[in-house]
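In case you want the letters, here they are:
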Amino acid sequence: MQLSRQLDNLALIGFMGTGKTSVGRLVAEIMRFEFLDTDELIQSRAGRTIAEIFEQDGESAFRALERQVVLELVNRKKNVISTGGGLPTNADNLAALKTNALVVCLWASPEKIWERVRYQSHRPLLNHPDPQQRIRELLAAREPHYKNADVLVNTDLRSAREVAQQIVLQFKIATRH
Ligand code: S3P
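Residues numbered from 1 in each chain as written. Predicted model: local features only at pLDDT ≥ 70, side-chain atom pairs only at ≥ 80, totals over all residues. Heavy atoms only, no water.

## Quick look at the site of the ligand
Let me state the cut-off plainly: In these notes, residues near a molecule or strand are those with any non-hydrogen atom within 4 Å of it. Polar contacts here mean pairs of N or O atoms no more than 3.5 Å apart (in protein, one a potential hydrogen donor and the other a potential acceptor; neighbouring residues in sequence count only if both atoms are side-chain atoms). Method for areas: the Shrake-Rupley scheme with a 1.4 Å probe, in which residue coverage is limited to the protein chains shown. Residues are grouped as follows: nonpolar covers Ala, Val, Leu, Ile, Met, Phe, Trp, Tyr, Cys and Pro; charged covers Asp, Glu, Lys and Arg; every other residue, Gly included, is treated as polar.
Around the ligand, a shell composed of 13 residues is seen, among which K20, D39, R63, R123 and R142 lie nearest. Note that an oxygen atom of the ligand is positioned 2.5 Å from one of the side-chain N or O atoms of K20. Protein chains bury 94% of the 380 Å² of accessible surface belonging to the ligand in isolation. Taken together, the residues of the shell around the ligand break down into five nonpolar, three polar and five charged.

In structure tokens, the structure reads:
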């Protein structure tokens, strides 16, 4: 795949629990890029957790903070940017990432996602009486956005390291001149 774009960075998008943060850290280590996580940036700026922001200000306030962070990333180079699961549902966010990054989507089945997130409690959107159903619904609604990535990697049967190696390979292919 050849892209006539500036591919100075690598951005990871995908649903909660697809491994964006752990895979992103490995990719950054392999490529000697800096690792950034949009949720971490938002939390450190706000001095609050994502759950607190959702609870105190609502989801739309969180989405506005997300938007602001994405716009600030456009001048960066040699970064692996891990993003919150809902970030690419705003097409402008995805377009902004694509201006200077290869966008890779980590995909997983709803069953695998549930397996990975079931014992975690920090995600306000899964704080729901039927989280499995919530995962299926949200994933189905977001699928068209995730599929706008440049590259889609299924993580169901792969370890984080295998996914990271696959991504590094895809980045090399995309930036080969
Ligand atoms: C969200 C995913 C979370 C975080 C917030 C909202 C989403 O990030 O941004 O809780 O809308 O899917 P992770 O995908 O890293 O869990």
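Picking up where we left off.
## Considering the pairing of strand 5 (residues 151-154)
Cut-off, in case you're wondering: Classification of residues uses two cut-offs on accessible area relative to the type maximum, computed with a 1.4 Å probe and protein chains only: under 20% is buried, over 50% is exposed, and between them is partly exposed. Where helices and strands are cited, they refer to DSSP runs of H or I of at least four residues and of E of at least two residues respectively, numbered from the N terminus. Strand pairing follows a simple DSSP-based rule, namely that at least 2 bridges must link the two strands.
Along strand 5, the buried face is formed by V151 and V153; none of L152 and N154, which line the opposite face, is buried. Where strand 4 (residues 101-107) lies against strand 5, four bridges are found, and the strand directions are parallel. Bridge assignment links V104 to a residue of strand 5, and that residue is V151.

## Some words on helix 7 (residues 131-146)
As a reminder, the rule being used: Bend, in this description, refers to the angle at a residue between axes fitted to the seven residues ending there and the seven starting there. Whether two residues are in contact is decided by their heavy atoms, any of which lying within 4.5 Å being enough.
Of all the bends in helix 7, the greatest, near 35°, is centred on A140, and the proline P144 appears no more than four residues after it. Looking only at helix 7, the buried set comprises P131, I135, L138, L139, R142 and Y146. Elements that come into contact with the buried residues of helix 7 comprise strand 1 (9-14), helix 4 (59-72), strand 4, helix 6 (110-117) and strand 5.

## Side note on the nonpolar core
Let me state the cut-off plainly: The criterion is simple. A nonpolar core is a set of buried Ala, Val, Leu, Ile, Met, Phe, Trp, Tyr and Cys residues joined through side-chain atoms within 4.5 Å.
Counting 34 residues, the largest nonpolar core has I13, F15, V103, I113, I135 and Y146 as its most contacted members. Mapped by element, the contributors of at least two residues to this core are strand 1, helix 2 (38-46), helix 3 (50-57), helix 4, helix 5 (91-98), strand 4, helix 6 and helix 7. Contacts of I113, omitting those with residues within four sequence positions, involve F15, M16, T18, A108, I135 and L139. Counting 22 residues, the second largest nonpolar core, distinct from the first, contains A28, L106, V151 and V168.

## Thoughts on the pattern of salt bridges
Rules: By convention in these notes, a salt bridge is any Lys or Arg side-chain nitrogen within 4 Å of a carboxyl oxygen on Asp or Glu.
Under the criterion given, the structure shown has 10 salt bridges. Between R5 and D150 there is a salt bridge whose closest N-O contact spans 2.9 Å. Here R5, found in the segment before strand 1, pairs with D150, found in the loop between helix 7 and strand 5; they are 145 residues apart in sequence, far enough to count as distant. Exposure remark for R5: the relative accessible area of 27% places this residue in the partly exposed category. One salt bridge connects R45 with E72, and the closest N-O pair in it is separated by 2.7 Å. Here R45, found in helix 2, pairs with E72, found in helix 4; they are 27 residues apart in sequence, far enough to count as distant. Exposure remark for R45: the relative accessible area of 49% places this residue in the partly exposed category. A residue is classified by how much of its surface remains accessible, and E72, at 40% relative accessible area, is partly exposed. Put simply, E59, R63 and E66 are held in one network by salt bridges that share partners.

So yeah, pure geometry; function would need other evidence.
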